[in-house]
Structure formats: structure tokens, C-alpha cells
Amino acid sequence: MDNESTKQAIRVVADLILSSKRIVVFTGAGVSTESGIPDFRSPGGVWSRFDPDDFTYQKFVRSTETRRKTWQMFGETGLTTDAEPNPAHYAIAELERLGKLDCVITQNVDNLHQKAGVPANKVFELHGNMRWVKCLNCGKRYPMDEIQGRLREGKEVPDCDACHGMLKPDAVFFGEALPPDVLSEATRRSRSCDLCIVLGSTLVVYPAAYMPMYAIEAGAKLVIINLTSTPLDGKAAILIQGKAGEVMPKIMEQVRNRLSAG
Ligand code: NAD
């Protein structure tokens, strides 16, 4: 991470940020691992302990056992509890304060970009969020905090107190459609940015992974900061294999230094 080529790459990303007008930051689970939330596909990630095939929307509505496992999985990953933003989230929020951020397009459901200070209207959550839980029968919504309390008291499969319908987090499950308004606005912004910075994503989950592709097709420069390789590495102007929470603050330090030097 501290070798000369990484330092040079960090300087080039800072230059790109300063010369760009519309920056889209695209994030995945890897931006939140330093906040203690495991990603899905890294060794020790969620899919090394749970089977992804168990977590489709269709299985969730069909089987009480799947609902029990789903609530257990969310509890164990920390997605229902209060994680705190890490330096990568704060660096993105600083980009926004400097007037350089068009928006964040995220696959994450953890609310940490907003918690770090990015205004909610600049965060496009392609996979929904875990702040709310919805009854699939009558539509009543509950804050996650309230449902979390029930889980802590030992309830394994919470249900709606109004109609006893099934409760489901507002996050998008496998086999479920993405929120259409969010997807179309994220697509539009990806197609009109001039710099797309990808942080902490394997770029294998679709349609989310189309966003950086749309950006490249529209002529934007692509920067990828990720611990492991991705299918878009060959298209990146700059590729940094490192931790988002270490690399992003260094990039922002360069940006600040250049801005204060005039
Ligand atoms: P993923 O698990 O497929 O990939 C995460 C990537 O991040 C990996 O390539 C890994 O090498 C990299 N990574 C891990 N820690 C990193 C760090 N500190 N710095 C830089 N890179 C790091 O995640 P994905 O591509 O986001 O796709 C998985 C799906 O999982 C998404 O749909 C997302 O909604 C969901 N998810 C979200 C959360 C969350 O909200 N925090 C957590 C787990 C999964």
C-alpha cells in the first residue's frame, strides 16, 4: 500500500478528482468491511457461512425456516445493528462537502454513507436499505430498531402486530426487482458522469455492475479501489489494490493539499 506505484496512483486519482466535474462513487460491501460488516464473497464473508441459494425472495415468502435463517443471518452480519462509518465513508462525504460529488450509487443497505454525512438525496441505494421493515401483507412499516428489539428478546421470526403478516427488511433480496426510480436515476447519472470511482465491489452482481460500464461507455474515466480483482480491471484508468479506508483518506489528503496550494 505504501509502495511508490501506489503513491503515484493516489496522486493521479487526486488529479482526476480535481479535473472532473461530475463524479459518481459506486460502492459495494467492501467499503463497509472496515466498519465491521462482513462482505459476501471474501474469505470469511457471509457466503462462507450461509448458502446464498437459501436467501431468495421466493424462498423467504414460502418457508418459515428460510425466514428464521434470514433474520439470523442479518443479525450475525451486524446489518441490523448500529455500525459506524469508517474513514472511506468519511472521505466520500468530504468529496461531497468540497462540491465534487455528483452522487454515491451503492449496493449497500447499511446507511453508512448517509451516517457519514452524504445527503440522502445524493445516495442511490440500488438494493434498498435495512432501516425499515415492511409487512408483506398490509404494508405497515416498522423501524428496524423496533424489530431488532424483538429479535434480541428471542423472537426468531417477527411478524406484523397489526395483521400477523410476514415482515421483510426493505433490502432487495435475490429474485426481487430493484426499485425502478432508483435504478433509472442511477443509470442516468452513471451515463453522465466524467469520473466513476468504484470502491469495494467484486462487480459481479447485476444490474448494479452495469453502472460503471455505463460510465465507461459514456466516456468517463474509471478508478477501481478494491482488495481483489474485478472483471472491469482492464478498463480502469487507475487500479489500486488496497483497503478503501486507507486509500480514500490518502487521496482526499492530496486533494486538500492541492486545493489549499491554489
Ligand atoms: P462482494 O462481497 O461481492 O465483494 C466485496 C469486494 O470488496 C470484494 O472484491 C473484496 O475483495 C472487496 N473488499 C473487502 N474489503 C475491502 C476493503 N476494506 N477495501 C477495499 N475492498 C474491499 O460485495 P458486492 O460487490 O457489494 O456485492 C454483494 C452484495 O452484497 C451487494 O448486493 C450488497 O448489496 C450486499 N451486501 C451489502 C452489505 C452492506 O450493506 N454493508 C454487506 C454484505 C453484502
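Computed from a prediction, not measured in an experiment: that's the story for all the values here. (Residues numbered from 1 in each chain as written. Predicted model: local features only at pLDDT ≥ 70, side-chain atom pairs only at ≥ 80, totals over all residues. Heavy atoms only, no water.)

Enquirer: So, the layout of surface pockets: which residues are in play, and what are the values?
Expert: Empty space among the atoms can be located by rolling a probe the size of a water molecule over them. Size it by volume and the largest pocket reaches roughly 910 Å³. As for the largest pocket, its lining consists of 45 residues, of which Ala29, Phe40, Arg41, Gln107 and Asn108 are closest to the centre. Counting residues per element, the lining of the largest pocket draws most heavily on helix α3 (residues 64-77), at three residues. Looking at side-chain class alone, the lining of the largest pocket contains 23 nonpolar, 16 polar and six charged residues. (1 Å grid on protein atoms, 1.4 Å probe; cavity = no way out; pocket = protein on both sides within 12 Å on 5 of 7 lines; lining within 4 Å. Points joined across faces, edges and corners; volume = space filled by probe spheres on them. Helix = DSSP H or I, 4+ residues; strand = E, 2+ residues; numbered from the N terminus. Nonpolar A, V, L, I, M, F, W, Y, C, P; charged D, E, K, R; others polar.)

Enquirer: Hey, could you go over helix α1 (residues 4-19) for me, with residue numbers and the actual values?
Expert: Its 16 residues place the ends of α1 23 Å apart at the C-alpha level, agreeing with the 22 Å of an ideal helix rising 1.5 Å per residue. For α1, the set of buried residues is Thr6, Ala9, Ile10, Val13, Ala14, Leu16 and Ile17. For α1, the arc enclosing every buried residue in end-on projection is 160°, short of the 170-degree limit, so these residues lie on one face. For α1, the exposed residues set more than 90 degrees away from the buried face come down to Glu4, Ser5 and Ser19. (Expected span 1.5 Å × (residues − 1). Buried < 20%, exposed > 50% of the residue type's maximum accessible area, 1.4 Å probe, protein only. Arc of directions from axis to C-beta.)

Enquirer: Hey, could you go over the nonpolar core for me, with residue numbers and the actual values?
Expert: Formed by 32 residues in total, the largest nonpolar core has its most connected members in Ile17, Ile197, Leu199, Ile225 and Ile251. Those elements giving two or more residues to this core turn out to be α1, β1 (23-27), α4 (87-97), β2 (101-106), β7 (195-199), β8 (221-225), β9 (238-240) and α9 (244-261). With residues up to four places along the chain from it excluded, the contact list for Ile17 reads Ile23, Leu95, Lys100, Leu195, Ile197, Ile251 and Val255. If you look at the next biggest cluster of nonpolar residues, it comprises 24 residues, including Leu79, Val109, Ile147 and Leu151. (Core = buried A, V, L, I, M, F, W, Y, C linked by side-chain atoms within 4.5 Å. Contact = heavy atoms within 4.5 Å.)

Enquirer: Can you tell me about the site of the ligand, naming the residues and giving the values?
Expert: The immediate surroundings of the ligand are formed by 28 residues, with Ala29, Glu34, Gln107, His127 and Thr202 found nearest. Within the backbone of Gly30, a nitrogen or oxygen atom sits 3.5 Å from a nitrogen atom of the ligand. A distance of 3.4 Å separates an oxygen atom of the ligand from a polar atom in the backbone of Gly200. When the ligand sits alone it has 850 Å² of accessible area, and the protein chains cover 96% of it. Applying the majority rule of atoms within 2 Å of the grid points places the ligand in the largest pocket. Considered class by class, the residues forming the shell around the ligand number nine nonpolar, 14 polar and five charged. (Near = heavy atom within 4 Å. Polar contact = N/O pair within 3.5 Å; in protein donor to acceptor, adjacent residues only side chain to side chain. Areas by Shrake-Rupley, 256 points an atom, 1.4 Å probe, with all protein chains shown as cover. Sits in = over half its atoms within 2 Å of the grid points.)

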